[in-house]
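# Overview (structure and organization)
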Amino acid sequence: MTSNGPFGPLEFQLVLLRRMADHRPELVDDARRELGVSLATMREANRRWQAMVRAPRARGALSRYRSVLGTPELTFRRTVGDLECEALLWPVPLWPDLRFEVMAAPGGAVWNEWLVRAPGTTGPELRAAADLRPWSCTVDEVARAFAPARPLPGGAPTRMRLAFTLPGGGSGVADFTWGLLQDWSGTGGTG
């Protein structure tokens, strides 16, 4: 990849990894090696992404995702509260069982973008705190497995925190980047 070359799915995966490096640098290094790219290449991909996002004549977010990732693998309608949205899913080769999901409101405004479990695939069994391994599960999976759960501010774009209940009455807080578990901490419980 050069600074003037195309920006496609490989470069987009590097953008996802760049944000995850703050929490899980060892996993990001392994993923970079799997992709066959250097740290400098990852930084350059992130720089180019940020330039696209901040350009004075920047495309809308949905248009940008389509230009970078191509035609979605799946598009469908989803109702969230009173709002009917369009969900668009793209494959992410680093995580074959996940998809990058963009939720667009009527008119095309993007209001959520994160990794979700691919339709038809089974996520991990989350029964105890020990099952919460980095990069193994998504926000929705943790929220369902350890209810009640509530979202907390993530501290930066693409980051989210989730307060949840551990088996046996303890509590935990999980950190996610792009919707994928990075780390968690907790007290009490039997998990």
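An account of the accompanying structure is given in this report. Just so it is clear, the model here is predicted, and its values are computed rather than measured.

## A short note on the sheet that holds strand β1 (residues 74-80)
The four strands lie next to each other as β1-β2-β3-β4, forming an open sheet whose pairing is antiparallel. Edge positions in the sheet fall to β1 and β4 (110-117), since each has one partner strand and no second. Here the strands of the sheet are splayed against their neighbours by 30 degrees on average, with no regard to which way each runs. Where strand β3 (residues 98-104) meets β4, seven bridges bridge the pair, whose relative direction is antiparallel. Each residue of the ladder has a partner; that of Met 103, found in β4, is Asn 112.

## Considerations on the packing of helix α3 (residues 39-54) against helix α4 (residues 61-69)
At a minimum axis distance of 11 Å, the contact between α3 and α4 shows a crossing angle of 145 degrees. The chirality of how α3 crosses α4 is right-handed. Residues Trp 49, Met 52 and Val 53 of α3 pack against Arg 64, Tyr 65 and Val 68 of α4. Here the contact of α3 with α4 is built from residues that sort into five nonpolar, no polar and one charged.

## Quick word on the environment of Ser 171
Tracing the backbone through its elements, the reader meets Ser 171 in strand β7 (residues 171-177). Residues Ser 171 and Pro 148, spaced 23 residues apart in sequence, show a C-alpha to C-alpha distance of 9.9 Å. Setting aside residues up to four positions removed in sequence, Ser 171 forms contacts with Phe 164, Leu 166, Ser 185, Gly 186 and Thr 187.

## Focus: the side chain of Arg 32
In this fold, Arg 32 is placed in helix α2 (residues 25-35). For Arg 32, a relative accessible area of 10% puts it in the buried group. Within the local environment of Arg 32, its side chain forms a polar contact with the side chain of Asp 29, the two groups lying 3.2 Å apart. Apart from the residues within four sequence positions on either side, Arg 32 is in contact with Leu 17, Val 37, Ser 38, Leu 39 and Met 42.

## Focus: the packing of helix α1 (residues 9-20) against α3
Axes are the key here: two packed helices are described by the angle between their axes and the distance separating the axes. Following both chains from N to C, one finds α1 and α3 inclined at 95 degrees, their axes separated by 8 Å at the closest point. The orientation of α1 relative to α3 falls into the category roughly perpendicular. Contacts from Glu 11, Phe 12, Leu 14, Val 15, Leu 17 and Arg 18 of α1 reach α3 at Thr 41, Met 42, Ala 45, Asn 46 and Trp 49. Considered class by class, the residues forming the contact of α1 with α3 number seven nonpolar, two polar and two charged.

## As for the packing of aromatic side chains
Per the counting criterion, the structure on display carries twelve aromatic pairs. Taken together through their ring pairs, the aromatic side chains of Phe 7, Phe 12, Trp 49, Tyr 65, Trp 90, Phe 100 and Trp 178 make up a single cluster. Here the guanidinium or amino end of Arg 64 rests over the ring plane of Trp 49, the centre of that ring lying 5.4 Å away.

Basis of the calculations
Residue numbering note: each chain is counted from 1, following its sequence as written. Predicted model: local features are reported for residues with pLDDT of at least 70 only, side-chain atom pairs are reported and counted for 80 or more only, and whole-chain, interface and lining totals are derived from all residues. Hydrogens and water are ignored here; the side-chain numbers use all heavy atoms of the structure. If DSSP finds at least two bridges between two strands, the strands pair. Per the convention used, a helix needs a DSSP run of H or I reaching at least four residues, while a strand needs a run of E reaching at least two, with both numbered from the N terminus. Lines fitted to C-alpha atoms define the axes here, with helix axes fitted over just the stretch in contact, and angles between the N-to-C directions of these axes take values from 0 to 180 degrees. Two helices crossing with the near one rotated counterclockwise from the far one by less than a right angle form a left-handed crossing, whereas a clockwise rotation gives a right-handed crossing. Throughout, a residue-residue contact means that at least one pair of heavy atoms, one from each residue, lies within 4.5 Å. In this classification, the charged set is Asp, Glu, Lys and Arg, the nonpolar set is Ala, Val, Leu, Ile, Met, Phe, Trp, Tyr, Cys and Pro, and all remaining amino acids, among them Gly, are polar. Partly exposed describes any residue whose relative accessible area lies between the buried limit of under 20% and the exposed limit of over 50%, with all areas from a 1.4 Å probe on protein chains only and scaled to the type maximum. Polar contact is defined as a pair of N or O atoms within 3.5 Å, subject to the rule that within protein one atom must be able to donate a hydrogen and the other to accept it, and that residues adjacent in sequence are counted only when both atoms are side-chain atoms. Geometric relationships in this document are graded by angle, where less than 35 degrees denotes roughly parallel, more than 145 denotes roughly antiparallel, 65 to 115 denotes roughly perpendicular, and other angles denote oblique. Each aromatic pair joins two rings of Phe, Tyr and Trp (for Trp, the six-membered one) with centres within 6.5 Å, and gets the label stacked for planes under 30 degrees apart, edge-to-face for over 60, and tilted for any other angle. Each ring is checked for a lysine NZ or an arginine CZ that lies within 6 Å of its centre and within 35 degrees of its normal; such an atom marks a charge sitting over the ring.

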